[in-house]
Structure formats: structure tokens, C-alpha cells
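Here is how the chains run, residue by residue.
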2 protein chains.
Amino acid sequence: IPQSHHAGTGPQSARRNQPFLTPPEEEEGGGGMGRGKIEIKRIENQSNRQVTFSKRKNGILKKAKEISVLCDAEVGVVVFSSAGKLYDFCSPRTSLSRILEKYQTNSGKILWDEKHKSLSAEIDRIKKENDNMQIELR
Amino acid sequence: IPQSHHAGTGPQSARRNQPFLTPPEEEEGGGGMGRGKIEIKRIENQSNRQVTFSKRKNGILKKAKEISVLCDAEVGVVVFSSAGKLYDFCSPRTSLSRILEKYQTNSGKILWDEKHKSLSAEIDRIKKENDNMQIELR
DNA sequence: TCTTCTATATATAAATG
DNA sequence: TCATTTATATATAGAAG
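Residues numbered from 1 in each chain as written. Chains lettered and ligands numbered in written order. Predicted model: local features only at pLDDT ≥ 70, side-chain atom pairs only at ≥ 80, totals over all residues. Heavy atoms only, no water.

A. View of the overall build of chain A. Counting secondary structure elements, chain A contains 3 helices and 2 strands. A total of 138 residues make up chain A; the buried ones form 30% of that total. Total accessible area on chain A is roughly 9700 Å²; 50% of this is exposed by carbon and sulfur atoms. (Helix = DSSP H or I, 4+ residues; strand = E, 2+ residues; numbered from the N terminus. Buried < 20%, exposed > 50% of the residue type's maximum accessible area, 1.4 Å probe, protein only. Areas by Shrake-Rupley, 256 points an atom, 1.4 Å probe, with all protein chains shown as cover.)

Below is the structure:
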């Protein structure tokens, strides 16, 4: 439902949405867009923070989907709001699991330390036991 | 280095960057931005695909950083180019590992089935070996 | 491949329902 | 809390080097 951008069709009662009367004042090279320029720092007002989160979260998920389709890229995105609600995206034809597997292989970083370490430790422990028994057997 | 937006200061030899002579023609509601509207479908030309990937990858990582700061959100992004190169972002004060741990708790999905299964299988195997030896020992 | 340049398309901050 | 509107700020497609 595109609005006509010209004057209007009658005695406009709407004069809301006044344009800025003062120039933006140039903060710094952050990001943001819209009516006024904003600084990239924590939004203190909780209500505004939530609104901005909701909008930007949608934006990122959309961008993620777009790059995955346009560029045939594998993308995984996980976002938690400050309230702890989860949102995520994963490119088609794969899974977060597979992407993360690839991440580890590629980066050398281990993502699941805890569980992984405890399992690995158990293996080591049992193997040692095993070795001792082999020695005893002889 | 902002350019002056007005005519210029001499006999312009530059007449590149011609504006569109034909209206955009309205494809569909995808996304994209810039000179022409593009459809959200795989870019077949490899060179263009790589260029677009590079630009959009930077865009997403920037957006991820911004939302994490502005909205105090936890964000993890992993991107692989179609050539297999890895790029990632993780919000400050946390780690991908921690984010993924939270993801699993929150979504109920297990991300590292494979690895876990293989490690668990190894443990079982070794334990069995172990048991057999114990029996032999007696 | 990377950078710069710019016209255009989008994203989004604020204001308002 | 969410949807709409609108002015602005950004992102980025395409062109060129």
C-alpha cells in the first residue's frame, strides 16, 4: 500500500512526523539508520532496546537468508535477546550441527569443551586402565 | 572524503555511472539494494557472486556487532563462503561455545550428536575390551 | 581480488496507532 | 506489545581502476 509522496488530497490534518530541524550533528562512524543517527552503544531505555532488538533481529535473519541464497554460502546465526529469548537461522540444505562441525575443523577451535572434554577424559582414563591390565596379563 | 554532489568544477570528462534510464520494473519483495534491484536467487556469475559475498558478509558481521552492543544481545554468526572460507562473529563477553550451550538448553536441539555419539561409542568399545581382559585376568 | 565512486534500494529510528 | 508511517541513515549493485 504505497502512499502518494506528494502533498495530499485535502486539508491535511496530519502534520506529525516533522522532519529534523537541526542537522544530525555527526557523531561517529557507527551504524544505525532512520530518523536520527544513533551511537552504537547500549540503549539504556528498555522499551526502545526491545523495539530495536526486534527490528534488527529480523533484519539480520533476513540478511543471513539473502546471502545464503545469493552467494550459495553456509550461514548459521544464533541470537539471544537480553531477555533470553532465542532466534536462529541456518542456511537451507545444511544444519547448524554441520556448520559447527565445519567451523571446528576449519578454525581448530573446539566448541563443546565441557562435554567433549569429559568424554575425552573418560576415554583416557579407561585406556590407561586398559593398558595396566594388559601389563598385568603378561 | 565526501564528494560534492553538485555539478562539478569544470568540463566533466566523467560521465560514467549513468543513472537508470528505465524504471526498475518491480520484481518481487526480496531484498538487495544498490544500483539495480536484484532478485534473491543464486548469483550465477561467479565473480559477481564473490564480490557480493564479500560485501554482504561484512554487512552481516557489522549488523551482528551492532545489535549485540545496542541491545545487549548474545549473537553468534558463522559464515562459510561457497569456496569454504570461514568468517565468524561472537558478541563480547561470551563465546560461541557458551552461546551454543545455551542454544541447546533453550531449543532442546542437540548440536553435536555426531561427535558425542562417536566418543560414546569409543568408550563403550574400550569398556568392553576392558571387561574382557578382567575376565581373562581371573 | 580489492578499492573507490555513486545512484538506488533497504533498513530502521521516531512518532504515532 | 505490535503494526504503520515517514524521514533519514546505511548498505550495496554496478561500474571503473
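B. Up close: the UniProt feature "domain: MADS-box" (unreviewed entry) in chain A. Mapped onto this structure's residue numbering, the UniProt feature "domain: MADS-box" (unreviewed entry) falls at residues 33–93 of chain A. Note that residues 33–93 of chain A is 41% helix and 20% strand, and that its end C-alpha atoms are spaced 33 Å apart. (UniProt positions renumbered as here; feature names shortened; annotations may be inferred.)

C. Up close: the relation of the copies chain A and chain B. For the match of chain A to chain B, the screw axis carries a shift of 0.5 Å, the RMSD comes to 2.5 Å, and the turn is 177 degrees. What we have between these two chains is a two-fold relation. (Least-squares fit on C-alpha atoms with pLDDT ≥ 70 in both.)

D. Up close: the sheet that holds strand 2 (residues 86–90) of chain B. The 4 strands are arranged 2(A)-1(A)-1(B)-2(B) in an open sheet whose pairing can be described as antiparallel. Each having just a single partner strand, strand 2 (86–90) of chain A together with strand 2 of chain B make up the two edges of the open sheet. Across this sheet, the average inter-strand angle for adjacent strands is 0 degrees, counted without regard to direction. Sheet topology places strand 1 (residues 74–80) of chain A next to strand 1 (residues 74–80) of chain B; 7 bridges connect them, and they run antiparallel. (Pairing = 2+ DSSP bridges. Axes fitted to C-alpha atoms, helices over the stretch in contact; angles between N-to-C directions.)

E. Here's a closer look at helix 2 (residues 96–107) of chain A. Residues and elements named next belong to chain A. Here helix 2 is 12 residues long and its end C-alpha atoms lie 16 Å apart, about the 16 Å a rise of 1.5 Å per residue gives. Here helix 2 has its buried residues at Leu96, Ser97, Ile99, Leu100, Tyr103 and Gln104. End-on view of helix 2: buried residues confined to an arc of 165 degrees, all on one side of the axis. Exposed and facing more than 90 degrees away from the buried side of helix 2 are Arg98 and Thr105. (Expected span 1.5 Å × (residues − 1). Arc of directions from axis to C-beta.)

F. Highlighting the interface of chain A and chain B. Taken together, the 65 residues of chain A in the interface contact 63 residues of chain B. Considering only the side of chain A, the residues that lose the most area to chain B are Leu70, Phe80 and Met133 of chain A, jointly responsible for 13% of the buried surface there. Between glutamate 122 of chain B and lysine 127 of chain A there is a salt bridge, with its nearest N and O atoms 3.5 Å apart. Along the contact surface separating chain A from chain B lie 22 residue pairs in polar contact (both at pLDDT 80 or more). Those elements that provide at least two residues to the side of chain A that touches chain B are helix 1 (46–70), strand 1, strand 2, helix 2 and helix 3 (113–137) of chain A. Per-element tally for the side of chain A that touches chain B: the top contributor is helix 3 of chain A, with 15 residues. Considered class by class, the residues forming the side of chain A that touches chain B number 30 nonpolar, 15 polar and 20 charged. (Contact = heavy atoms within 4.5 Å. Buried area = accessible area lost by both parts, 1.4 Å probe. Salt bridge = Lys/Arg side-chain N within 4 Å of Asp/Glu carboxyl O. Polar contact = N/O pair within 3.5 Å; in protein donor to acceptor, adjacent residues only side chain to side chain. Nonpolar A, V, L, I, M, F, W, Y, C, P; charged D, E, K, R; others polar.)

G. Seen up close, the pattern of salt bridges. For the structure shown, the criterion picks out 14 salt bridges over all chains. The salt bridge involving arginine 42 of chain B is made with aspartate 72 of chain A; its shortest N-O contact spans 2.7 Å. On the criterion of chain membership, the pair formed by arginine 42 of chain B in the segment before helix 1 (46–70) and aspartate 72 of chain A in the loop between helix 1 and strand 1 is interchain, its members lying in two chains. The residue glutamate 74 of chain A makes a salt bridge to lysine 102 of chain A at a minimum N-O spacing of 2.6 Å. Here lysine 102 of chain A lies in helix 2 and glutamate 74 of chain A lies in strand 1, a separation of 28 residues in the sequence. Overall, the relative accessible area of 22% leaves glutamate 74 of chain A in the partly exposed class. Connected through shared salt-bridge partners, Glu122, Arg125 and Glu129 of chain A together with Lys127 of chain B make up one network.

H. Spatial organisation of the packing of aromatic side chains. Taken as a whole and judged by the stated rule, the model has 2 aromatic pairs over all chains. Summarising the aromatic geometry, the rings of phenylalanine 53 of chain A and tyrosine 87 of chain A are spaced 5.9 Å apart at their centres and angled 55 degrees between planes, so their arrangement reads as tilted. You can see phenylalanine 53 of chain A sitting in helix 1 and its partner tyrosine 87 of chain A sitting in strand 2, a full 34 residues away along the chain. For phenylalanine 53 of chain A, a relative accessible area of 6% translates into the label buried. Judged by its relative accessible area of 21%, tyrosine 87 of chain A is partly exposed. Above the face of the tyrosine 87 of chain B ring, lysine 57 of chain B is positioned so that its terminal group lies 4.1 Å from the ring centre. (Phe/Tyr/Trp six-rings, centres within 6.5 Å; stacked < 30°, edge-to-face > 60°. Lys NZ or Arg CZ within 6 Å of the ring centre and 35° of its normal.)

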